[in-house]
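Fold and contact review
Listed below are the residues making up each chain.
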Amino acid sequence: MKRLFPILSILTAIFLAYGLYQALWVAPADALQGDVYRIIYYHVPSAWTAFLLFFINFMASIQYLVREKPGARSALKWIMIVGGILGVIAVYLPPIKGMIPAGMQPSAVATTVLMVPAFYFVVGWLFPGEKLDVLAVTTAEVGVVFCTIVLVTGPIWARPVWGIWWAPGDIRLTSTLVLWLIYVSYLVLRRFSNSAQTQMLAATLAVFGALDVPLVYLSIWFFRTQHPQPVIGGGGSMDPRMLHTLLISWMAFLCFCFLVCWSRFRLELLKRELEEAHAMESLVGAGGASKASMPLGRSSR
Amino acid sequence: MNALKFMIAAYVATWVIHGGYLVTLVSRYSRLRREMKEFRKNQ
């Protein structure tokens, strides 16, 4: 794994450079906005990546909350399976289909519904026990970084196009800011609370915080906003070269995000290992355990 | 030309934020490694 990291870093750097080349030189200029629209290649992929990270954080948090309660864990597992199947069927029923906003494809909604149980099981399988909490803090922190980029690049794009930096009262903008504030609160809680319940409290906050993600995403369909309708899955059209560049940029950002999350995950594991070692040392000092059983004593690094 | 400045500003801001975060990660990692080394030395 240690060898894989530098190789992936080089590949990601090449991918990011290629994405930048596509964004600045290959994608054509927008007929109305000119070159300033190229901010889309950083703004939109950052938003999608932040949503994905908050979604993984949600999945890790709910599983962390029920991990020591077998009954609740089993119930949640079946809710995911049955909910996923019923959700996909429901999308194609005429009354529900009629509620899907114009331009949004039912197949896209069905795929999104199926992603919920899929992510639930993949996250639970790859990150058992305490690692769920490590994953939750990792995705929240990196998600806040990507969400910050959305909130910074958005106003920079809005100023030349709308003539204003921020549209007060616009639900897409406000809900994104609220989302950012929720996850900043989550990180502040984890940083400054020393209670034994901190991880459970943080997981609960994350579950409620994640409810804002669908509101942010769907706000432009259900409310009149200054923010434009999406060009993908929203009934709009986009030049194939622009779409290609947007997807390349997103893939490059996902690779970068993966590497950053990997580093942050390892950092959190190291921090916990040190905390555990200090706790064991205190026990040894109190005559409660032998030094040979200390985690760092075991380690040959 | 003026609009181009906004585009450059957005791209630069993105990498400044990512760069800043990577710097905090590296500094936190170095601090932890140092603390761990001291801990082992004191054992």
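Here the structure is a predicted model, which is why all the values come from computation and not from measurement.

The next thing to look at is the overall build of chain A. Each helix and strand counted, chain A has 11 helices and zero strands in total. Secondary structure of chain A in N-to-C order comes out as α-α-α-α-α-α-α-α-α-α-α. With 301 residues in all, chain A has 44% of them scored as buried. For chain A, the proportion of contacts with a sequence separation of at least 24, taken over those separated by at least 6, is 73%. Accessible area of chain A: about 15700 Å², with a carbon and sulfur share of 70%. In chain A, the 22 positive side-chain charges and the 14 negative ones have mean positions that sit 4 Å from each other.

Right, let's talk about the state of the cysteines for a bit. Between two cysteines, a covalent bond joining their sulfur atoms is known as a disulfide. All names here are of chain A. Per the counting criterion, the structure on display carries zero disulfides over all chains. No disulfide involves Cys261; its sulfur sits 4.1 Å from that of Cys257, the nearest cysteine. Residue Cys261 is classed as buried on the basis of its relative accessible area, which comes to 13%.

Taken together, the contact pairs 41 residues of chain A with 24 residues of chain B. Taken together, the two surfaces of chain A and chain B that pack against each other cover about 3000 Å², and 78% of this comes from carbon and sulfur. Ranking the residues of chain A by area buried against chain B places A:Tyr42, A:Leu267 and A:Leu274 at the top, with a combined share of 19%. Taken together, the links from chain A to chain B amount to one salt bridge. Residues A:Glu141 and B:Arg28 are paired through a salt bridge, measuring 2.6 Å at the closest nitrogen-oxygen approach. Among the elements of the structure, α1 (4–26), α2 (40–66), α6 (131–162), α10 (240–285) and α11 (295–298) of chain A are those that each provide at least two residues to the side of chain A that touches chain B. By residue number, the principal contributor to the side of chain A that touches chain B is α10(A), which donates 13 residues. Here the residues of the side of chain A that touches chain B are counted per class, giving 25 nonpolar, six polar and 10 charged.

Let us look at the nonpolar core. Core analysis: the largest hydrophobic core is formed by 75 residues, its most contacted members being A:Ile40, A:Tyr41, A:Met59, A:Ile62, A:Val142 and A:Phe146. In terms of residue count, α2(A) provides more of this core than any other element does, 16 residues in total. Not counting chain neighbours up to four residues away, the residues in contact with A:Val142 comprise A:Leu53, A:Cys257, A:Val260, A:Cys261 and B:Tyr21. Core analysis: the second largest hydrophobic core is formed by seven residues, A:Val91, A:Val109, A:Ala110 and A:Trp221 among them.

This part is about the packing of aromatic side chains. Tallied over the entire structure, the rule returns 17 aromatic pairs over all chains. Residues A:Trp48 and A:Trp250 carry aromatic rings whose centres are separated by 5.1 Å and whose planes lie at 75 degrees to one another, so their mutual orientation is edge-to-face. On the criterion of sequence distance, the pair formed by A:Trp48 in helix α2 and A:Trp250 in helix α10 is long-range, its members being 202 residues apart. A ring pair is formed by A:Tyr183 and A:Tyr186, whose centres lie 6.2 Å apart and whose planes are at 55 degrees; its orientation type is tilted. One end of the pair, A:Tyr183, and the other, A:Tyr186, are both in helix α7 (residues 171–192), three residues apart, so they sit about a helical turn from each other. Residue A:Tyr183 shares its accessibility class with A:Tyr186, and that shared class is buried. Chaining the aromatic ring pairs together yields one cluster made of A:Tyr42, A:Phe146, A:Phe253, A:Phe256, B:Tyr11 and B:Trp15.

Time to look at the layout of surface pockets. Empty space among the atoms becomes apparent when a probe as large as a water molecule is rolled across them. As a volume, the second largest pocket reaches approximately 990 Å³. Lining the second largest pocket are 30 residues, with A:Arg190, A:Arg191, A:Arg264, A:Glu268 and A:Lys271 positioned closest to its centre. Those elements giving two or more residues to the lining of the second largest pocket turn out to be α6, α7, α8 (198–210) and α10 of chain A together with α1 (2–42) of chain B. With eight residues, the top contributor of residues to the lining of the second largest pocket is α10(A). Each residue belonging to the lining of the second largest pocket can be placed in one class, and the counts come to 12 nonpolar, seven polar and 11 charged.

Attention now goes to the pattern of salt bridges. Overall, the coordinates contain 13 salt bridges over all chains when judged by the stated rule. Linking A:Arg272 and A:Glu130 is a salt bridge whose minimum nitrogen-to-oxygen distance equals 3.7 Å. Residue A:Arg272 is located in helix α10, and its partner A:Glu130 is located in the loop between α5 (106–126) and α6; the two are separated by 142 residues in the primary sequence. Take A:Arg272: its relative accessible area is 17%, and that puts it in the buried class. A relative accessible area of 39% places A:Glu130 in the partly exposed class. Residue B:Glu35 is joined to B:Arg31 by a salt bridge in which the shortest nitrogen-to-oxygen separation is 3.8 Å. You can see B:Glu35 and its partner B:Arg31 sitting in helix α1, four residues apart, about one turn around the helix. Residue classification places B:Arg31 among the partly exposed positions, given a relative accessible area of 42%. Each member of the salt-bridge network shares a partner with another, and the members are A:Arg67, A:Glu68, A:Glu130, A:Asp133, A:Glu141, A:Arg190, A:Arg264, A:Glu268, A:Lys271, A:Arg272 and B:Arg28.

Residues with a pLDDT of 70 or more make up 98% of chain B, whose mean pLDDT is 91. Complex prediction metrics read pTM 0.88 and ipTM 0.93.

Thresholds applied
Residues numbered from 1 in each chain as written. Chains lettered and ligands numbered in written order. Predicted model: local features only at pLDDT ≥ 70, side-chain atom pairs only at ≥ 80, totals over all residues. Heavy atoms only, no water. Helix = DSSP H or I, 4+ residues; strand = E, 2+ residues; numbered from the N terminus. Buried < 20%, exposed > 50% of the residue type's maximum accessible area, 1.4 Å probe, protein only. Contact = heavy atoms within 4.5 Å. Areas by Shrake-Rupley, 256 points an atom, 1.4 Å probe, with all protein chains shown as cover. Lys, Arg positive; Asp, Glu negative; His and termini not counted. Charge placed at Lys NZ, Arg CZ, Asp CG, Glu CD. Disulfide = S-S within 2.5 Å. Buried area = accessible area lost by both parts, 1.4 Å probe. Salt bridge = Lys/Arg side-chain N within 4 Å of Asp/Glu carboxyl O. Nonpolar A, V, L, I, M, F, W, Y, C, P; charged D, E, K, R; others polar. Core = buried A, V, L, I, M, F, W, Y, C linked by side-chain atoms within 4.5 Å. Phe/Tyr/Trp six-rings, centres within 6.5 Å; stacked < 30°, edge-to-face > 60°. 1 Å grid on protein atoms, 1.4 Å probe; cavity = no way out; pocket = protein on both sides within 12 Å on 5 of 7 lines; lining within 4 Å. Points joined across faces, edges and corners; volume = space filled by probe spheres on them. pLDDT = per-residue confidence, 0-100.

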